[in-house]
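Chain by chain, the residues:
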Amino acid sequence: MSFTDADLIARVLSSEDQHAFGELVRRYQSPVRAFLVRLTRGDAHLADDLAQETFVKAWRKLQTYRGSAKFSTWLFGIAYNEFRTVARQRKELALEDADEPAKSAADSRSDLRLDLTEALKGLHSSERSAIVLCCQNGLTHEEAAQVLDCPLGTVKTNVLRGKEKLRRRLPDYQHYESA
Amino acid sequence: MNQPEENDPLDVLLREQNAHIDDNGFAGRVLAALPQRRRNWLRPIFLLVVTAIGSALAIHWLPWENLSVPDLSVPLALNSQVLLPWLLVLSVTATLTWAIMAAAQWED
């Protein structure tokens, strides 16, 4: 029998059930960690530290989760705030507008995937966050705006602008076909 | 309009890049790092108990024998000897009422 998120959250709140919280962590660790890996431009160790802090904060603040948004959206919001705090501390935000990477010709699917990874790293963090949330994690623009704490129009603009940059940097993406 | 376009190779590529990350002990590390959640019900209980003890002591020491109904027709009846016991009774009642309301509305 599989419990819904709401069941698990209720169990955590009523009896501090760590097993129930562990199940929530197992359910959402992959998208949260992947999101943070993207935000930290591939720094898996930093991303894992941030993800761990995200779930610890979620445990502490769980009684403030009202259920109006999806639990994953709420988690992404905490994760994004964690990233922003660390980025400010490390002054990494100043590095976000890095030079565009050199265009490379992708001759194979794996090359194209690697190029996409590199191209994502070259985006501004606001564009990268919006694309990762909307295009990779399937959040709506409204949900992404909630996570990123910015206006809906800004999210739409960042998705469009980010995808345009990716298209420019990945000239061979049009030949890509799903496996 | 916010769903990725099904036929756009870039959207397909982006979706396929979102690979699953295996747990590999991550959930265990998170659970080991969890702090003990504060027991929210302890503080209002503590507040009520302390207030009840304080009120009981105050009631015990109240000068009940001096608690008389003031004669409002006599102007000099409202002196400190008459008012002080009433003031103490009102203070204790108000404190107890406030503590009960605070405990009932407690939200961490």
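Residues numbered from 1 in each chain as written. Chains lettered and ligands numbered in written order. Predicted model: local features only at pLDDT ≥ 70, side-chain atom pairs only at ≥ 80, totals over all residues.

Let's shift gears to the overall build of chain A. Scanning chain A from terminus to terminus reveals eight helices and zero strands. When burial is assessed residue by residue, chain A has 40% of its 179 residues classed as buried. Excluding contacts between residues fewer than 6 apart, the proportion of contacts in chain A whose partners are at least 24 apart in sequence is 63%. (Helix = DSSP H or I, 4+ residues; strand = E, 2+ residues; numbered from the N terminus. Buried ≥ 20, exposed ≤ 12 C-beta atoms within 10 Å, placed from the backbone. Contact = placed C-beta atoms within 7 Å.)

Across its full length, chain B holds four helices and zero strands. From first element to last, N terminus to C terminus, chain B shows the α and β order α-α-α-α. Split into buried and exposed, the 108 residues of chain B put 6% on the buried side. A separation threshold of at least 6 residues defines the contact pool for chain B, and within that pool the share at least 24 residues apart is 59%.

Another point: the nonpolar core. All names here are of chain A. Core analysis: the largest hydrophobic core is formed by 51 residues, its most contacted members being Leu36, Ala79 and Ala144. A total of 10 residues in this core trace back to one element, the largest contributor, which is helix H2 (residues 18–39). Mapped onto the domain boundaries, this core takes at least three residues apiece from domain 1 (1–95) and domain 2 (100–179). Not counting the four nearest positions on each side in its chain, alanine 79 is found in contact with Val32, Phe35, Leu36, Leu50, Ala51 and Thr54. (Core = buried A, V, L, I, M, F, W, Y, C linked by C-beta atoms within 7 Å. Domains from an automatic or database assignment.)

Let's shift gears to helix H8 (residues 152–169) of chain A. Residue and element names in this part refer to chain A. Compared with the 26 Å implied by 1.5 Å per residue over 18 residues, the 26 Å span of H8 between its first and last C-alpha is a close match. When H8 is considered as a whole, its buried residues turn out to be Val155, Asn158, Val159, Gly162, Lys163, Leu166 and Arg169. Along H8, the residues classed as buried sweep out an arc of 125° about the axis, all on the same side. Counted as exposed and oriented over 90 degrees from the buried face of H8: Gly153, Glu164 and Arg168. (Expected span 1.5 Å × (residues − 1). Arc of directions from axis to C-beta.)

Our next topic: the interface of chain A and chain B. On the side of chain B, 24 residues touch chain A, which itself brings 33 residues to the contact. When contributions to the side of chain A that touches chain B are tallied by element, the ones reaching two or more residues are H2, helix H3 (44–61), helix H5 (109–121), helix H6 (125–136) and H8 of chain A. Top element by residues in the side of chain A that touches chain B is H2(A). It accounts for eight residues. Of the residues assigned to the side of chain A that touches chain B, the class counts are 13 nonpolar, 11 polar and nine charged. (Nonpolar A, V, L, I, M, F, W, Y, C, P; charged D, E, K, R; others polar.)

Tracing the sequence through the fold places Trp59(A) in helix H3. Residue classification places Trp59(A) among the buried residues on the basis of 20 C-beta atoms within 10 Å. When the C-alpha positions of Trp59(A) and Leu13(A) are compared, they lie 9.3 Å apart, and in sequence the two are 46 residues distant. Not counting chain neighbours up to four residues away, the residues in contact with Trp59(A) comprise Phe21(A) and Leu34(B).

With that out of the way, let us pick up unusual backbone geometry. Trans peptide bonds make up most of the peptide bonds, and negative phi angles are found at most residues other than glycine. Residues and elements named next belong to chain A. Unusually for a residue other than glycine, glutamate 16 sits at a positive phi of about 50°. Among the secondary structure elements, glutamate 16 is positioned in the loop between helix H1 (5–15) and H2. For glutamate 16, a count of 15 C-beta atoms within 10 Å puts it in the partly exposed group. Within the chain, aspartate 149 stands out as a residue other than glycine whose phi angle is a positive 55°. As for its placement among the helices and strands, aspartate 149 is situated in the loop between helix H7 (141–148) and H8. For aspartate 149, a count of 10 C-beta atoms within 10 Å corresponds to the exposed category.

Functional significance is not addressed by these values, which are geometric in nature.
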